[in-house]
Amino acid sequence: MKGFFKIVFASMVGFILSAIVLGILFIAIVVGIVSATDGEKVTVSPNSVIHMSLNDQIVERTSKSPFDELELTGLQTNKNMGLNDILLALKRAQTDDNIKGIYLDVSGVQAGMATVEEIRNALIDFKKSKKFILAYSEVYTQGAYYLASVADKVYINPEGILEFTGFSSQVTFFKGTMEKLEIEPQIIKVGTYKSAVEPFILDKMSDANRQQVTSFVGSMYDHFLTRISAARSISKDSLFAIANQLKVRNASDAVKLKLVDGLRYKDQVIDELKKRTGTDKKDDVKAVSLAGYIKNNKAEDGDINNRIAVVYASGEITGGEGDDETIGSERISRTIRKVRTDDKIKAVVFRVNSPGGSALASDVIWREIALTRKVKPVIVSMGDVAASGGYYIACAADSIFAEPNTITGSIGVFGIIPNMQKFFNNKLGITFDGVKTAEHADLGTVTRPLTDAERLIIQAEVNRIYGTFTKRVSDGRKKTQEYINQIGQGRVWSGSEALKNGLVDRLGDIDDAVVSAAKMAKLTDYKLVSYPTQKDPLESIFNTGEDKLKEHFTKMQLGEQYQYYKQLKDGLRFTGIQARLPYNITIK
């Protein structure tokens, strides 16, 4: 008995000590979070340069997640930087007397091409201040070089690498995997080009899909070459030949072909920065990181009684609340209702960056935009992608802005119901049996195939939703439904192509959209206000969620292969009728 009590006592002591240790650790984390998010300003010395590296993922708005700024041994965080803060910081730097220039130190940019376009345009605008931009890197990806090409001087390490190979887009196909697992993807769709289902039923691109990908990738590449041609004073034909013949094989080639201005080591770049800033050779260059400079950002002044609401909708479209990474129809529709009924808000800029998702959730958001347009101007600004459901929620606006390399369109609908009967039977030895009170009571189950009658029922519903989708677009764009059907069919377009076919009104960034909204509302003095309201940093500690933790550790285990796991997983979990981009598009 004495031994028993010893064990119990030892267990209690161990539990109490563990609780104390965890409590201390939790307090340390909270203190670290408060320290990282207390809004402390960064001192910028005279004759400073902004060190712009862009190593973190670029999102629409800077996250308020407390873990992004926290650095603990053994804890890998997913830091991000908001495009909104980057653009505001570059705008401030133009008139900041302490800032003499920008040191652009980029090898790769974790962002889509439209986001890179907006940052690049902001750098071009920065140069109007007559301050310098100097770019240097050991390795330039194509996206990084596109950004760096606007610099006054572009340097590369003598043994460095500059990728200039042209664009490619690759699609991953899972037909073989599905066959090995004996899973039958039952497909119901509308649209010749609606190829979201192709990875599950084909082992290569269909002719229609190849046609559309060739078209929009070609359009984006033409814009890429055109802008570099203007920045570097090299003909577009020459640039095409350089990439097509793979003429840039080492750093010296890049200099000979005038893609860069010279070969430099880091110490030589630092020496030039000292000369440009009037810094003594024995002193260090006074530099502030872009992330640090962003900490000094503050809301721009303006008339608080005349506001323009910028409503951010980023990520996959789903039902429910969603978060900063997904577009929850409940959260976004509630936000739009709020700005619609606020008399101080005179216009709305709806920032959309989404590949689509649930057709039902998309329609819920569309309704709120359509109602808001009746009482105040609504301008849409498209980010990297605003396709399928992402275009659905945008089409009711007064005017739509896109970048030339925005992915948009994809007006089509599909549904997938996997038949996993053979997988369960033959692979796992599981069988199913049951009773039902109606013929179609178990419609949608993955444990049996659809009947012919059920396929017809679902196909009719998909057709109906596609008809609703095209009617929404035709009403919003003031085109005939027949015309929208012709340019629809699930086809994906670049922003430049969408301008020509009438799916967007103008090419421009979010600032252009704001200016347009102000003009429509007849405002000269106004204040920008962002929505939805982001969660307080400490509140988000308790809302991380089990799914986020699972995703974090899965990413750590799979690394770059995570994208294939996620694509297959997403395909198997689609519920309801989908208005979604055909696939994950990555331009390399």
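Residues numbered from 1 in each chain as written. Predicted model: local features only at pLDDT ≥ 70, side-chain atom pairs only at ≥ 80, totals over all residues. Heavy atoms only, no water.

A separate point is the overall build of the protein chain. Scanning the protein chain from N- to C-terminus turns up 22 helices and 23 strands. Scored against the burial criterion, the 588 residues of the protein chain give a buried share of 48%. A separation of at least 24 residues holds for 76% of the contacts in the protein chain among residues at least 6 apart in sequence. Of the accessible surface of the protein chain, which amounts to about 28900 Å², a share of 53% is contributed by carbon and sulfur atoms. (Helix = DSSP H or I, 4+ residues; strand = E, 2+ residues; numbered from the N terminus. Buried < 20%, exposed > 50% of the residue type's maximum accessible area, 1.4 Å probe, protein only. Contact = heavy atoms within 4.5 Å. Areas by Shrake-Rupley, 256 points an atom, 1.4 Å probe, with all protein chains shown as cover.)

Turning our eyes to something else, we now look at the environment of Gly-476. Note that Gly-476 resides in helix 16 (residues 452–477). A relative accessible area of 11% places Gly-476 in the buried class. In sequence terms Gly-476 and Ala-396 are 80 residues apart; their C-alpha atoms lie 4.6 Å from each other.

With that settled, consider the nonpolar core. Side chains of nonpolar character tend, in soluble globular proteins, to be buried together. In this structure, Met-52, Ile-86, Leu-162 and Phe-164 are the most contacted members of the largest nonpolar core, which totals 77 residues. The element that contributes the greatest number of residues to this core is helix 7 (residues 207–232), accounting for 8 residues. Structurally, this core is a two-domain feature, drawing no fewer than three residues from each of domain 1 (48–164 + 248–295) and domain 2 (307–544 + 576–580). When neighbours within four sequence positions are excluded, Met-52 is seen to be in contact with Ile-86, Leu-90, Ile-102, Tyr-103, Leu-104, Asp-105, Val-106, Ile-119, Leu-123 and Leu-290. Within the second largest apolar cluster, 50 residues are counted, among which are Ile-188, Val-380, Tyr-466 and Ile-487. (Core = buried A, V, L, I, M, F, W, Y, C linked by side-chain atoms within 4.5 Å. Domains from an automatic or database assignment.)

Okay, the packing of helix 13 (residues 359–373) against helix 16 next. Running from N to C, helix 13 and helix 16 cross one another at 25 degrees; their axes reach a closest spacing of 12 Å. The angle between helix 13 and helix 16 falls in the class roughly parallel. Regarding helix 13 and helix 16, the two cross each other, and that crossing is left-handed. Between helix 13, through Ala-359, Asp-363, Trp-366 and Arg-373, and helix 16, the contact on the second element is made entirely by Ile-465, Thr-468, Arg-472 and Gly-476. Looking at side-chain class alone, the contact of helix 13 with helix 16 contains 3 nonpolar, 2 polar and 3 charged residues. (Axes fitted to C-alpha atoms, helices over the stretch in contact; angles between N-to-C directions. Parallel < 35°, antiparallel > 145°, perpendicular 65-115°, else oblique. Left-handed = near helix turned anticlockwise from the far one by under 90°. Nonpolar A, V, L, I, M, F, W, Y, C, P; charged D, E, K, R; others polar.)

Take the sheet that holds strand 4 (residues 99–104) next. Read from one edge to the other, the open sheet built from 6 strands follows the order 8-6-5-4-1-9, with strand pairing classed as parallel. In the strand order of this sheet, the two ends are held by strand 8 (262–263) and strand 9 (287–289), each with one partner. Inspection of the sheet shows strand 6 (residues 153–162) paired to strand 8 by 2 bridges, in the parallel sense. Each residue of the ladder has a partner; that of Ile-156, found in strand 8, is Leu-263. On top of the sheet, helix 10 (residues 266–277) reaches strand 1 (48–52), strand 4, strand 5 (132–140), strand 6 and strand 8; it is set at about 175 degrees to strand 5, its chief contact. (Pairing = 2+ DSSP bridges.)

This part is about the side chain of Lys-131. Relative to the helices and strands, Lys-131 resides in the loop between helix 3 (113–126) and strand 5. Buried charge without a salt bridge: Lys-131, with Asp-97 as the nearest opposite-charge side chain at an N-O distance of 5.5 Å. A polar contact of 3.2 Å, which involves the side chain of Lys-131, links it to the backbone oxygen of Gln-94. With near-sequence residues (within four places) excluded, Lys-131 lies in contact with Ala-93, Gln-94, Thr-95, Asp-96, Asp-97, Ile-99, Lys-100, Gly-101, Phe-126 and Asp-152. (Lys, Arg positive; Asp, Glu negative; His and termini not counted. Salt bridge = Lys/Arg side-chain N within 4 Å of Asp/Glu carboxyl O. Polar contact = N/O pair within 3.5 Å; in protein donor to acceptor, adjacent residues only side chain to side chain.)

Okay, unusual backbone geometry next. Residue Tyr-531 is joined to Pro-532 through a cis peptide bond whose omega torsion reads -10 degrees. For Asn-47, which is not glycine, the phi dihedral falls at a positive 60 degrees. Note that Asn-47 resides in the loop between helix 1 (2–36) and strand 1. Here the phi dihedral of Ser-388 falls at roughly 55 degrees; this positive angle occurs in a residue that is not glycine.

This part covers the packing of helix 12 (residues 329–341) against helix 13. Taken N-terminus to C-terminus, the directions of helix 12 and helix 13 make an angle of 5 degrees; their axes are 9 Å apart at the nearest point. What the angle tells us is that helix 12 and helix 13 run roughly parallel. In this structure, helix 12 contributes Ser-329, Ile-332, Ser-333, Ile-336, Arg-337 and Arg-340 to the contact, and helix 13 contributes Ala-361, Val-364, Ile-365, Glu-368, Ile-369, Leu-371 and Thr-372. Its residues assigned to classes, the contact of helix 12 with helix 13 shows 7 nonpolar, 3 polar and 3 charged.

As a further point, take the pairing of strand 10 (residues 307–314). With 7 of 8 residues buried, strand 10 is to be regarded as a mostly interior element. Relative to strand 14 (residues 345–354), strand 10 runs parallel, the two sharing 8 bridges. Opposite Tyr-312, over in strand 14, you have Arg-351 as the bridge partner. Strand direction decides the pairing type here: strand 10 and strand 22 (residues 527–531), joined by 5 bridges, are parallel. Within strand 22, the residue paired with Val-311 across the bridge is Tyr-531.

Another aspect to go through is the pattern of salt bridges. This model, assessed by the stated rule, comprises 24 salt bridges. A salt bridge links Asp-324 to Arg-331, with the shortest nitrogen-to-oxygen separation between them at 3.2 Å. By relative accessible area, Asp-324 is classed as partly exposed at 38%. Taking relative accessible area as the criterion, Arg-331 reaches 12% and is therefore assigned buried. A salt bridge links Asp-505 to Arg-477, with the nearest nitrogen and oxygen atoms 2.8 Å apart. On the criterion of sequence distance, the pair formed by Asp-505 in the loop between helix 18 (495–501) and strand 21 (506–507) and Arg-477 in helix 16 is long-range, its members being 28 residues apart. A cluster of three or more residues bridged by salt bridges with shared partners is formed by Lys-436, Asp-442, Arg-448 and Glu-454.

Next up on the list: the confidence of the model for the protein chain. On average, residues of the protein chain carry a pLDDT of 87, and 81% of them reach 70 or more. Overall, residues 28–38 carries pLDDT values under 50, and its contacts beyond four positions in sequence, including any with other chains, amount to 13 contacts. (pLDDT = per-residue confidence, 0-100.)

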